Amino acid sequence: DTGVSQDPRHKITKRGQNVTFRCDPISEHNRLYWYRQTLGQGPEFLTYFQNEAQLEKSRLLSDRFSAERPKGSFSTLEIQRTEQGDSAMYLCASIPLRAGKYSDTQYFGPGTRLTVL
Amino acid sequence: GDSVTQMEGPVTLSEEAFLTINCTYTATGYPSLFWYVQYPGEGLQLLLKATKADDKGSNKGFEATYRKETTSFHLEKGSVQVSDSAVYFCALLSNAGNNRKLIWGLGTSLAVNP
């Protein structure tokens, strides 16, 4: 396993701009999760995919947020019209399907730190 | 809903001191419980886990026992090292439903001084 990778690692943007983050999960991991972590807090679930299907979205994911996983491999998270409150670490994790059951251990990428000025 | 309450930090210890970080949870059914660690500049890594009552997870000298009667999963280490300085997160995975999303505590920052 090469691990979960995320790009970019850091992003600084001005309020009102759009940003897009990418996550490459571990190869053949069927499920992919996005979390958001603000300073001094634990991660909060945003959304997850099973292959290319987005199966659940948190209420935290406002209309300005959209996530895709078009081919069931990498995923993108886009934030439109960024606000200062969007400043956070955005984490991606993936899990494999083994013997018909999804693993309970999530494998995390290093995160993308977004700063909105 | 499900939740995790974790001891607030920061915690500062001297090398070779005993560490306890408290974690309690609220959940329906029988969740799996985890401790993740985040070293400076790195992503979250699984430290240990326990999937049923009375299970003990252990790794790198850290231990935690799943106590259903007290709904707790406290993290312990007998002798900490400077390299253990990190942020520690307690988390649960509800076994109700199939989404496998983690519910997290706020994290406890640990600094170990030589």
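Our subject is the structure that appears above.
The shown structure was predicted, so the numbers you read here are calculated from the model rather than taken from an experiment. Along each chain, residues carry numbers from 1 onward, in the same order as the chain's sequence is written. Chains carry letters and ligands carry numbers; both start at the beginning, A for chains and 1 for ligands, and go up in the order they are written. Whole-chain, interface and lining totals are the exception, using all residues; otherwise, since this is a predicted model, local features are given only for residues with pLDDT of at least 70 and side-chain atom pairs are given and counted only at 80 or more. Calculation of side-chain values draws on the structure's entire complement of heavy atoms; hydrogens and water are dropped beforehand.

Draft legend 1. Local environment of the nonpolar core. Grouping buried Ala, Val, Leu, Ile, Met, Phe, Trp, Tyr and Cys residues that are joined through side-chain atoms within 4.5 Å yields what is termed a nonpolar core. Burial classification: accessible surface area is computed with a 1.4 Å probe over protein chains only, and a residue below 20% of its type maximum counts as buried, one above 50% as exposed, and the rest as partly exposed. Counting 26 residues, the largest nonpolar core has L19, W35, L47, L48, F73, L75 and Y88 of chain B as its most contacted members. Helix and strand definitions follow DSSP, with helices as H or I runs of at least four residues and strands as E runs of at least two, each counted in order from the N terminus. Of all the elements in the fold, those that place two or more residues in this core are β2 (11-14), β3 (19-21), β4 (23-26), β5 (32-38), β6 (44-50), β8 (62-65), β10 (86-93) and β12 (108-113) of chain B. The dominant element in this core, judged by the number of residues it contributes, is β10 of chain B, at four residues. Once residues within four sequence positions are removed from consideration, Y88 of chain B is found in contact with Q6, I21, W35, Y36, V37, L47, F62, L75, G107, T108 and L110 of chain B. If you look at the next biggest cluster of nonpolar residues, it comprises 19 residues, including V4, L61, A67 and C92 of chain A. Residues are treated as being in contact if the distance between any of their heavy atoms lies within 4.5 Å.

Draft legend 2. Region of the structure containing the sheet that holds strand β8 (residues 75-79) of chain A. All names here are of chain A. We call two strands paired when DSSP finds no fewer than two bridges between them. On the basis of which strands lie adjacent, the open sheet formed by four strands has the order β1-β3-β8-β7 and antiparallel pairing. Strands at the two margins of the open sheet, each flanked by one partner only, are β1 (5-7) and β7 (65-68). For this sheet, the mean inter-axis angle between neighbouring strands, taken without regard to orientation, is 15°. As judged from the five bridges shared by strand β3 (residues 19-24) and β8, these two strands associate in the antiparallel manner. Note on geometry: axes are lines fitted to C-alpha atoms, helical ones only across the stretch in contact, with angles between N-to-C directions running from 0 to 180 degrees.

Draft legend 3. Broad picture of the pattern of salt bridges. Any Lys or Arg side-chain nitrogen located within 4 Å of an Asp or Glu carboxyl oxygen qualifies as a salt bridge. Within this structure, the stated rule accounts for eight salt bridges over all chains. Residue K49 of chain B pairs with D104 of chain A through a salt bridge whose shortest N-O separation is 2.8 Å. Of this pair, K49 of chain B sits in strand β6 while D104 of chain A is found in the loop between β11 (101-102) and β12 (107-108), placing the two residues in two different chains. Residue classification places K49 of chain B among the partly exposed positions, given a relative accessible area of 32%. For K56 of chain B, the salt bridge identified is with E63 of chain B, shortest N-O distance 3.6 Å. Given a relative accessible area of 52%, K56 of chain B falls into the exposed group.

Draft legend 4. The arrangement of the side chain of Q38 of chain B in detail. Structurally, the position occupied by Q38 of chain B is in strand β5. A relative accessible area of 13% places Q38 of chain B in the buried class. Residues within four places of Q38 of chain B in sequence aside, it is in contact with Q37 of chain A together with G43, L44, A86, V87 and F89 of chain B.

Draft legend 5. Representation of the interface of chain B and chain A. Counting residues at the interface gives 20 residues for chain B and 23 residues for chain A. Buried area counts how much accessible surface, traced with a 1.4 Å probe, disappears from two parts once they are put together, with both parts' losses summed. Regarding the contact of chain B and chain A, the summed buried area is about 1,700 Å², with carbon and sulfur atoms giving 48% of it. On the chain B side of the interface with chain A, the three residues burying the most area are L44, R100 and K101 of chain B, jointly 31% of the side's total. At the boundary of chain B and chain A, one finds two salt bridges. Here E56 of chain A and K101 of chain B are joined by a salt bridge, their closest N and O atoms 2.8 Å apart. Polar contact is defined as a pair of N or O atoms within 3.5 Å, subject to the rule that within protein one atom must be able to donate a hydrogen and the other to accept it, and that residues adjacent in sequence are counted only when both atoms are side-chain atoms. Counting every contact that joins chain B to chain A gives six residue pairs in polar contact (both at pLDDT 80 or more).

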